[in-house]
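Structural characterization, general
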Amino acid sequence: MGRSAIQERYVNFYTDFAFKKLFGTEINKDLLISFLNSLFDGKEVIEDLQYLNVEHLGHAIAERKAVFDVYCENNKGEKFLIEMQKAEQSFFVDRSIYYSTFPIQEQAPKGKWNFELKRIYTIGILNFVFDEKDPNYMHHEVKLMDTYKKEVFFDKLTYIYLEMPKFRKGEDELVTILDKWLYAMKNLESLLERPKVLQDAIFKKFFEQAEIANFSPEEQYDYRESQKDFWDLNNVIDTAERKGEKKGEKKGIEKGRKQREYEIARNLLAMNMPIDSVCQATGLSKEEIENL
């Protein structure tokens, strides 16, 4: 659960409030630009970003909508969809690919069009591990590939997934700007002061913006509510996992995972969380949740 409210100095980056304040607001746009540029390491250089509407509806009223965490574009019209994923989902990759279809379709203008697309980057910052085969492979970059030639077939659609629990570098091991960003994001809540290795001007601002004492009373209230939601979600998951472990049996693992998702959904609904948010947190469909 982290430090108590009395001891903590900085926010938990994995809370919705902190993530959107630090990476999703105009005043902190330079923080997001620095992080993205460190992530692309020269392959893409972002000079400026414009934040876009995060809520997207289907073409018909009955179609499912998508609500992004942070959505923006650069001066070349390229789209950047940045998502914080706090808990494991059975189909989180499917969800991220589904979300990327909205930036694709919205590029179609009225009238004639030659189908030329701008690049789209979907970036998932994950507070869980989905690939347990390699404990050191935490930075996934995925593109459409020609399986025969083993070459990138289409380079305008990129998915980047960061498995944050696999990032284990200490202060003395931070070499690149990306290393520093990942360290700051992962350890923010547990730090009582800004580490010496993070003395760059951009990190000075990051820690100033993340310091709870600098928040207005309204921001402090919103952060505490977001922090409580984060704790509640983790407690629900931990409880479901412990119950699943008691049931055991290898053949029941998948069934147990599904039961865990159902139990998490029931608890979130009991906390009056909207169904769309429960869908995002559990990976269950709206129909499954409505039938609980």
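Located above this text is the structure these notes cover.
Here's a quick rundown of the structure.

Looking at the second largest pocket, its volume works out to about 580 Å³. As for the second largest pocket, its lining consists of 26 residues, and the residues nearest its centre are Asp16, Lys86, Met273, Ser277 and Gln280. Only helix H1 (16-23), strand E5 (79-85), helix H6 (217-247) and helix H8 (275-282) provide two or more residues apiece to the lining of the second largest pocket. Tallying contributions element by element places H6 first for the lining of the second largest pocket, with six residues. Tallied by class, the residues present in the lining of the second largest pocket amount to 11 nonpolar, five polar and 10 charged.

To continue, consider empty space enclosed by the protein. Tallied over the entire structure, the rule returns one cavity of 30 Å³ or more. When its volume is computed, the largest cavity comes out at roughly 110 Å³. Taken together, Leu81, Glu83, Gln85, Phe92, Arg95, Ser96, Tyr99, Thr122, Ile123, Gly124, Leu126 and Tyr161 make up the full set of residues lining the largest cavity. Of all elements in the fold, only E5, helix H3 (92-105) and strand E6 (120-126) reach the threshold of two or more residues within the lining of the largest cavity. Class assignment for the residues of the lining of the largest cavity results in six nonpolar, four polar and two charged.

Moving on to the pairing of E5. Every other side chain in a regular strand lies on the same face of the sheet, so the side chains alternate between the two faces. Burial analysis of E5 places seven of its seven residues in the buried class, the great majority of the element. Note: strand E4 (residues 70-74) against E5, four bridges, orientation antiparallel. Counterpart to Cys72 in the pairing with E5 is Phe80. Summarising the sheet, E5 and E6 pair through seven bridges and their orientation is parallel. Across the sheet, Phe80 pairs through a bridge with Tyr121, a residue of E6. For the segment spanning E5, H3 and E6, crossover handedness is right-handed.

Before going further, it helps to spend a moment on the packing of helix H2 (residues 29-40) against helix H4 (residues 177-187). At a minimum axis separation of 8 Å, H2 and H4 run at an interaxial angle of 125 degrees. The angle between the axes of H2 and H4 places the two elements in the oblique class. H2 and H4 meet at a crossing whose hand is left-handed. In this structure, H2 contributes Leu31, Ser34, Phe35, Ser38 and Leu39 to the contact, and H4 contributes Ile177, Leu178, Trp181 and Met185. Taken together, the residues of the contact of H2 with H4 break down into seven nonpolar, two polar and no charged.

Here we take up the pattern of salt bridges. A complete count under the given rule lists 20 salt bridges for this structure. A salt bridge links Glu78 to Arg119, with the shortest nitrogen-to-oxygen separation between them at 3.9 Å. In this pair, Glu78 sits in the loop between E4 and E5 while Arg119 sits in the loop between H3 and E6, placing the two residues 41 residues apart along the sequence. For Arg119, a relative accessible area of 27% corresponds to the partly exposed category. We note a salt bridge from Lys204 to Glu208, for which the minimum N-O separation is 2.6 Å. Here Lys204 and its partner Glu208 are both found in helix H5 (residues 201-210), four residues apart, which amounts to about one turn of the helix. The exposure class assigned to Glu208 is partly exposed, which follows from its relative accessible area of 36%.

What counts and how
- Residues numbered from 1 in each chain as written.
- Predicted model: local features only at pLDDT ≥ 70, side-chain atom pairs only at ≥ 80, totals over all residues.
- Heavy atoms only, no water.
- 1 Å grid on protein atoms, 1.4 Å probe; cavity = no way out; pocket = protein on both sides within 12 Å on 5 of 7 lines; lining within 4 Å.
- Points joined across faces, edges and corners; volume = space filled by probe spheres on them.
- Helix = DSSP H or I, 4+ residues; strand = E, 2+ residues; numbered from the N terminus.
- Nonpolar A, V, L, I, M, F, W, Y, C, P; charged D, E, K, R; others polar.
- Buried < 20%, exposed > 50% of the residue type's maximum accessible area, 1.4 Å probe, protein only.
- Pairing = 2+ DSSP bridges.
- Right-handed = clockwise from strand over helix to strand, strands pointing away.
- Axes fitted to C-alpha atoms, helices over the stretch in contact; angles between N-to-C directions.
- Parallel < 35°, antiparallel > 145°, perpendicular 65-115°, else oblique.
- Left-handed = near helix turned anticlockwise from the far one by under 90°.
- Contact = heavy atoms within 4.5 Å.
- Salt bridge = Lys/Arg side-chain N within 4 Å of Asp/Glu carboxyl O.

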